[in-house]
Amino acid sequence: AVPLVPRAGDAAAEERSVLLANRAACHLKDGACSLCVADCTSALELVPFGIKPLLRRAAAYEALERYSLAYVDYKTALQVDCSVQAAHDGVNRMTKALLEKDGVNWRQKLPPIPTVPISAQTRWSIPSAQAPGANTPPATAPQGEQGRNMPLGWAGSPAAPNHIAAGKERARTLKEEGNELVKKGNHKKAVEKYSESLKLNKECTTYTNRALCYLTLKQYKEAAQDCTEALKLDPKNVKALYRRAQALKELKDYKSSIADIKSLLKTEPKNTAALRLLQELSRA
């Protein structure tokens with residue numbers, strides 16, 4: 001379809017960009033990461049700062065272990081829409097990878113991060129967990145294509161990203177307060193902090209942290225449910241798989257618990273805690 005689209009005009013440029021981004025998603029799914037990068041780059045040349053091509057190119061760079069370029073794309077995506085959880089998680093992963101690779105001065109080796117103009121800071125539709133190319137976790141509560149056509153004063157206004165950012169910052173503070181309470185052994189109060197945080201921002205780590213509290217409090221159904229929510233955001237999350245397996249074991253759902261451990265071991269084959277739990281489950 002790409003060669004059939006006219007090359008002139010804004011509408012044609014956007015249509016070509018969408019087609020290229022969709023083809024990039026297929027390349028990413030097939031593991032053709034270099035082709036994905038090429039298509040996303042072409043899509044971004046036609047329509048700069050598109051969320052989908054930025055996220056898909058970042059995922060492709062990540063798979064190619066070009067972590068600094070992936071970091072730049074994830075950070076750029078956050079400038080466009082600071083509520084995209086996939087980009088937040090990507091930045092965290094790349095920060096860890098770059099720290100391990102280049103040491104404490106890793107930021108000095110980064111390529112320049114482009115400044116996104118206010119006009120581009122809109123709510124773009126991003127891939128869902130089932131969409132082609134969505135190898136990264138989906139964003140929380142995506143607004144879909146309708147966001148492009150909403151009037152100013154809604155998500156398209158400069159005030160909306162500020163409001164979202166404030167909510168996410170408050171959610172982060174509440175999560176950190178919950179973490180401190182866990183260190184002090186006050187798991188019940190920590191659950192309250194995590195619950196308040198999740199009302200503002202559905203984050204994978206907050207779910208797995210609350211699940212740990214529920215396990216300690218022997219509320220196994222709630223722990224399993226939180227892990228399930230975390231896995232909706234990050235299907236291969238090791239902590240969520242392990243803690244759900246623990247909860248399911250206590251609920252005597254051994255078959256499901258073993259399935260979670262086996263899924264975990266596909267990601268981390270030498271995870272000693274998971275291997276130990278699998279042995280326990282085999283004897284159950």
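Residues numbered from 1 in each chain as written. Predicted model: local features only at pLDDT ≥ 70, side-chain atom pairs only at ≥ 80, totals over all residues. Heavy atoms only, no water.

Participant: For this particular structure, what's the right way to read the environment of K109?
Facilitator: Counting through the fold element by element, K109 comes out in the loop between α5 (85–102) and α6 (146–149). Of the residues examined, K109 reaches a relative accessible area of 54% and is grouped as exposed. The spatial distance from the C-alpha of K109 to the C-alpha of S68 is 8.0 Å, given a sequence separation of 41 residues. (Helix = DSSP H or I, 4+ residues; strand = E, 2+ residues; numbered from the N terminus. Buried < 20%, exposed > 50% of the residue type's maximum accessible area, 1.4 Å probe, protein only.)

Participant: Is there a simple way to think about the UniProt feature "repeat: TPR" (unreviewed entry) in the protein in this case?
Facilitator: When the UniProt feature table is mapped onto this chain numbering, "repeat: TPR" (unreviewed entry) sits at residues 204–237. Secondary structure over residues 204–237 splits into 79% helix and 0% strand, and the C-alpha atoms at its two ends are 8 Å apart. (UniProt positions renumbered as here; feature names shortened; annotations may be inferred.)

Participant: Which parts of the structure should I look at to understand the packing of aromatic side chains?
Facilitator: For the coordinates displayed, the defined rule picks out one aromatic pair. Centre to centre, the rings of Y71 and W106 are 5.2 Å apart; their planes meet at 80°, and the pair counts as edge-to-face. Residue Y71 is found in helix α4 (residues 67–80), and its partner W106 is found in the loop between α5 and α6; the two are separated by 35 residues along the sequence. Among the residues examined, W106 registers a relative accessible area of 5% and is labelled buried. (Phe/Tyr/Trp six-rings, centres within 6.5 Å; stacked < 30°, edge-to-face > 60°.)

Participant: What's the story with the nonpolar core in this structure? I'm lost.
Facilitator: For soluble globular proteins, nonpolar side chains are generally found buried alongside one another. In terms of nonpolar packing, the biggest core is built from 30 residues, with L55, Y71, Y74 and A87 touching the most fellow members. Residue assignment for this core shows that the elements contributing at least two residues are α1 (10–30), α2 (33–46), α3 (51–63), α4 and α5. At seven residues, the largest contribution of residues to this core is made by α3. Setting aside residues up to four positions removed in sequence, A87 forms contacts with L55, Y74, A77 and L78. Counting residues in hydrophobic clusters, the runner-up holds 19 residues, among them Y207, L264, L265 and L277. (Core = buried A, V, L, I, M, F, W, Y, C linked by side-chain atoms within 4.5 Å. Contact = heavy atoms within 4.5 Å.)

Participant: Help me understand helix α10 (residues 220–233) in this model?
Facilitator: Residues lying three or four places apart along an α-helix face the same way, a consequence of the helix completing one turn every 3.6 residues. Between its first and last C-alpha, α10 extends 20 Å over 14 residues, near the 20 Å set by a 1.5 Å rise per residue. Residues of α10 that are buried make contact with α9 (204–216) and α11 (238–250). (Expected span 1.5 Å × (residues − 1).)

Participant: Which parts of the structure should I look at to understand the side chain of R244?
Facilitator: Checked against the element boundaries, R244 lands in helix α11. A distance of 2.7 Å separates the side chain of R244 from the side chain of D260, its partner in a polar contact. The contacts of R244, once residues within four sequence positions are left out, are A224, C227, T228, L231 and D260. (Polar contact = N/O pair within 3.5 Å; in protein donor to acceptor, adjacent residues only side chain to side chain.)

Participant: Even after reading the chapter, I still don't get the packing of α11 against helix α12 (residues 254–267), so can you show me in this structure?
Facilitator: A packed helix pair is summarised by two numbers, namely the angle formed by the two axes and the spacing between the axes. α12 packs onto α11 with a crossing angle of 160° between their chain directions and a minimal axis gap of 8 Å. The pairing of α11 with α12 is recorded here as roughly antiparallel in orientation. Between α11 and α12 lies a crossing whose hand is left-handed. Along the contact surface, α11 presents V238, L241, Y242, R244, A245, L248 and K249, while α12 presents Y254, S256, S257, D260, I261, S263, L264 and T267. Partitioning the contact of α11 with α12 into residue classes produces eight nonpolar, four polar and three charged. (Axes fitted to C-alpha atoms, helices over the stretch in contact; angles between N-to-C directions. Parallel < 35°, antiparallel > 145°, perpendicular 65-115°, else oblique. Left-handed = near helix turned anticlockwise from the far one by under 90°. Nonpolar A, V, L, I, M, F, W, Y, C, P; charged D, E, K, R; others polar.)

Participant: I tried to follow α4 on my own but got confused; where do I start?
Facilitator: Along its 14 residues, α4 runs 20 Å from first to last C-alpha, staying within 8% of the 20 Å computed at 1.5 Å per residue. Residues of α4 that are buried: A70, Y71, V72, D73, Y74, T76, A77, L78 and V80. On its buried face, α4 sits against α3 and α5.

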